[in-house]
Amino acid sequence: MQKGKPAKKYSQAGRVHDLIRLIEARHGVTLDEMAEETGVDRRTVHRDLNVIHEAGYPLISEWLNGRKAYRFLTRFKDVPPITFTLQELMALSFFRSQLSFLDGTPFREDLDAVFRKINSVLPPRYAAHMERIADVSLPLLQGRRDYAPVAGHLESLRDALIYQYRVRLSYRGAGKGRASTYEVDPYTLVFYKGGLYLVGYAHNRQAIRTFAAERITGVEVRKERFEIPADYRPEERLRGAFGIVEEEPLEVAIRFSPGVAHAVRGRVWHPSQTERSGADGSLVLSFSAGGKMEIVSWVLSYGEHAEVLAPASLRDEVGAAARRMAEKYGAKTS
């Protein structure tokens, strides 16, 4: 126990409460200062700090004048209590059921924990009603990923994203036999077609890179903190892509036959799109976007009902793929 102040005769909950107030009141507090204030030894303070961290407080440590100090990323006393109406809770319950693609990830566990807290303060009748609402919709996500094998890596990434810590990433790219190592500042998680992707600055590539979560084979959270550039806007960065692949944009025009035009019309496929209806009920969809491979895959999913009109390079690539497919089925092509 630290010399000076005598040990205070109060519970761990009381010490934790005092530590939270102390950390909130100062820009940074060292272990010795916290031990002095609470009258316990450094090991006990460490245990109390773990309780604070596990309770969800954004506790971080950094070196100040040669000493390790602890502080919060935000000041909790400035955050007002949040209340929800029954209609808002209903909306949350409804969208909770749409997030089944997060099964096996720490994000799903955190979401379930949120609803356990909500239900714990609701009258039993309302809590049961919220659970029923979560079952009124059925999401059908074909080809969604199973993230259970990489749940531990995602948990490390989640904490690195919250506290802005650099990570050392082991990543096995598509078609690669061995994993490569990247020093990454994790910026953003992207959810695309039932999959999770990490966007961050790779220092050893000196560029922003996108990593598919299921291909991550290791995550080491480093002690270095980073700042996201003020001009970084993930939505603007991907605005020119058809999906998540950044490439030079193509001026694309695709004609959809009357049989499928109704399924294409009125949906937002890309922010730059325009539609033109034909007298026969067909639809020509035009847009400017990069990511040729993703566009080709999307067009081929409509089979004979989609025809690329422009550009010529994209039309040739889709045509070549169609001929190869026909040959696999024994059809003759000219």
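Quick notes on the rules
Residues numbered from 1 in each chain as written. Predicted model: local features only at pLDDT ≥ 70, side-chain atom pairs only at ≥ 80, totals over all residues. Heavy atoms only, no water. Helix = DSSP H or I, 4+ residues; strand = E, 2+ residues; numbered from the N terminus. Rg over C-alpha atoms; globule rule 2.2 N^0.38 Å. Buried < 20%, exposed > 50% of the residue type's maximum accessible area, 1.4 Å probe, protein only. Areas by Shrake-Rupley, 256 points an atom, 1.4 Å probe, with all protein chains shown as cover. Lys, Arg positive; Asp, Glu negative; His and termini not counted. Charge placed at Lys NZ, Arg CZ, Asp CG, Glu CD. pLDDT = per-residue confidence, 0-100. Contact = heavy atoms within 4.5 Å. Phe/Tyr/Trp six-rings, centres within 6.5 Å; stacked < 30°, edge-to-face > 60°. Expected span 1.5 Å × (residues − 1). Arc of directions from axis to C-beta. Pairing = 2+ DSSP bridges. Axes fitted to C-alpha atoms, helices over the stretch in contact; angles between N-to-C directions. Core = buried A, V, L, I, M, F, W, Y, C linked by side-chain atoms within 4.5 Å.

K.L.:
For this particular structure, what's the right way to read the overall build of the chain?
P.N.:
On a plain count of helices and strands, the chain comes out with 11 helices and 12 strands. For 334 residues, the compact-globule estimate of 2.2 N^0.38 gives 20 Å, and the chain exceeds it by more than 25% at 27 Å. When the backbone C-alpha atoms are referred to their principal axes, the chain occupies close to 90 × 55 × 35 Å. In the chain, which comprises 334 residues, the proportion classed as buried is 39%. Of the roughly 20200 Å² that the chain leaves accessible, carbon and sulfur atoms contribute 52%. A distance of 3 Å separates the average location of the 49 positive side-chain charges in the chain from that of its 42 negative side-chain charges.

K.L.:
Looking at this model, I keep getting lost on unusual backbone geometry. Mind explaining?
P.N.:
Keep in mind that most residues, glycine aside, have a negative phi and that most peptide bonds are trans. In this structure, Pro-311 follows Ala-310 across a cis peptide bond, with omega equal to 0 degrees. Mapped onto the elements, Pro-311 comes out in the loop between strand E12 (306-310) and helix H11 (312-328). Phi angles above zero are rare outside glycine, and Gln-206 is one such case at about 50 degrees. For Gln-206, the position within the fold is in the loop between strand E6 (195-202) and strand E7 (207-212). When its relative accessible area of 66% is taken as the criterion, Gln-206 is described as exposed.

K.L.:
Would you explain the confidence of the model for the chain in this entry?
P.N.:
For residues with low pLDDT, the predicted coordinates do not support detailed interpretation. Put simply, the chain has an average pLDDT of 84, and 90% of its residues get 70 or more. Under a pLDDT of 50 for its full length, residues 1-7 has, in the predicted model, 16 contacts with residues more than four places off or in other chains.

K.L.:
What exactly am I supposed to notice about the packing of aromatic side chains here?
P.N.:
A ring pair, where both rings are aromatic, is described by two values, the distance of the centres and the angle of the planes. Taken as a whole, this structure holds 13 aromatic pairs when the rule is applied. Judged by centre distance (5.1 Å) and plane angle (75 degrees), the ring pair of Phe-256 and Tyr-302 falls under edge-to-face. Of this pair, Phe-256 sits in strand E9 (residues 250-256) while Tyr-302 is found in the loop between helix H10 (292-300) and E12, placing the two residues 46 residues apart along the sequence. Note on accessibility: Phe-256 and Tyr-302 belong to one class, buried.

K.L.:
What is the right way to read H11 from this model?
P.N.:
One full turn of an α-helix is made of 3.6 residues, so residues set three or four places apart face in the same direction. In this model H11 runs 24 Å from its N-terminal to its C-terminal C-alpha over 17 residues, within 8% of the 24 Å that 1.5 Å per residue would give. Among the residues of H11, Leu-314, Val-318, Ala-321 and Ala-326 are the ones counted as buried. Buried residues of H11, viewed axially, fall in a sector of 140 degrees; they line one side. In H11, the exposed residues that point more than 90 degrees away from the buried face are Ala-312, Asp-316, Arg-324 and Glu-327. Trailing H11 by a residue or two, Gly-330 shows a phi angle of about 75 degrees, which is positive.

K.L.:
Is there a simple way to think about the pairing of strand E11 (residues 283-289) in this case?
P.N.:
Here is the key point about a regular strand: its side chains alternate between the two faces of the sheet. Taking burial as the measure, the seven residues of E11 include six buried ones, the bulk of the element. Across four bridges, strand E10 (residues 274-277) lies against E11 in antiparallel orientation. The residue bridging Thr-274 from the neighbouring strand is Ser-286, located in E11. Hairpin remark: E10 followed by E11, antiparallel, with five residues in the connecting loop; positive phi at Gly-281, about 95 degrees.

K.L.:
It is not clear to me how the sheet that holds E10 should be interpreted in this structure. Could you clarify?
P.N.:
For sheets, the rule is that strands pair by backbone hydrogen bonds, running either parallel or antiparallel. As summarised here, the arrangement of the four strands in space is E10-E11-E9-E12, forming an open sheet in which the pairing is antiparallel. Whereas interior strands pair on both sides, the edge strands pair on one side only; in this sheet they are E10 and E12. Across the sheet, the axes of successive neighbouring strands diverge by a mean angle of 25 degrees, strand direction being ignored. Note: E9 against E12, four bridges, orientation antiparallel. By the bridge assignment for E12, Arg-255 is matched with Glu-307. Each of E9, E11 and E12 touches H10; the most contacted strand, E9, lies at about 5 degrees to it. Of the strands in this sheet, E9 and E12 touch H11, which is tilted by about 150 degrees from E12.

K.L.:
How do you make sense of the nonpolar core when you look at a structure like this?
P.N.:
Grouped burial of nonpolar side chains is what soluble globular proteins tend to show. By size, the foremost hydrophobic cluster in this structure holds 33 residues, and its most contacted members are Leu-157 and Leu-169. Sorting the residues of this core by element identifies helix H7 (151-163), strand E4 (165-171), strand E5 (180-192), E6, E7 and strand E8 (216-225) as the ones contributing at least two each. Other than its neighbours up to four places away in sequence, Leu-169 contacts Leu-157, Ser-180, Thr-181, Tyr-182, Val-184, Leu-198, Phe-211, Ile-216, Gly-218 and Val-219. Counting residues in hydrophobic clusters, the runner-up holds 22 residues, among them Val-260, Val-264, Val-308 and Leu-314.

K.L.:
What is the right way to look at the sheet that holds E6 in this model?
P.N.:
In space, the five strands of this open sheet follow the order E7-E6-E5-E4-E8, with antiparallel pairing throughout. One side of each edge strand has no neighbouring strand; the edge strands of this open sheet are E7 and E8. Direction aside, the axes of adjacent strands within the sheet are offset by 45 degrees on average. Of the pairings in the sheet, the one linking E6 to E7 comprises six bridges and is antiparallel in character. Following the sheet pairing, Val-199 is matched in E7 by Thr-210.

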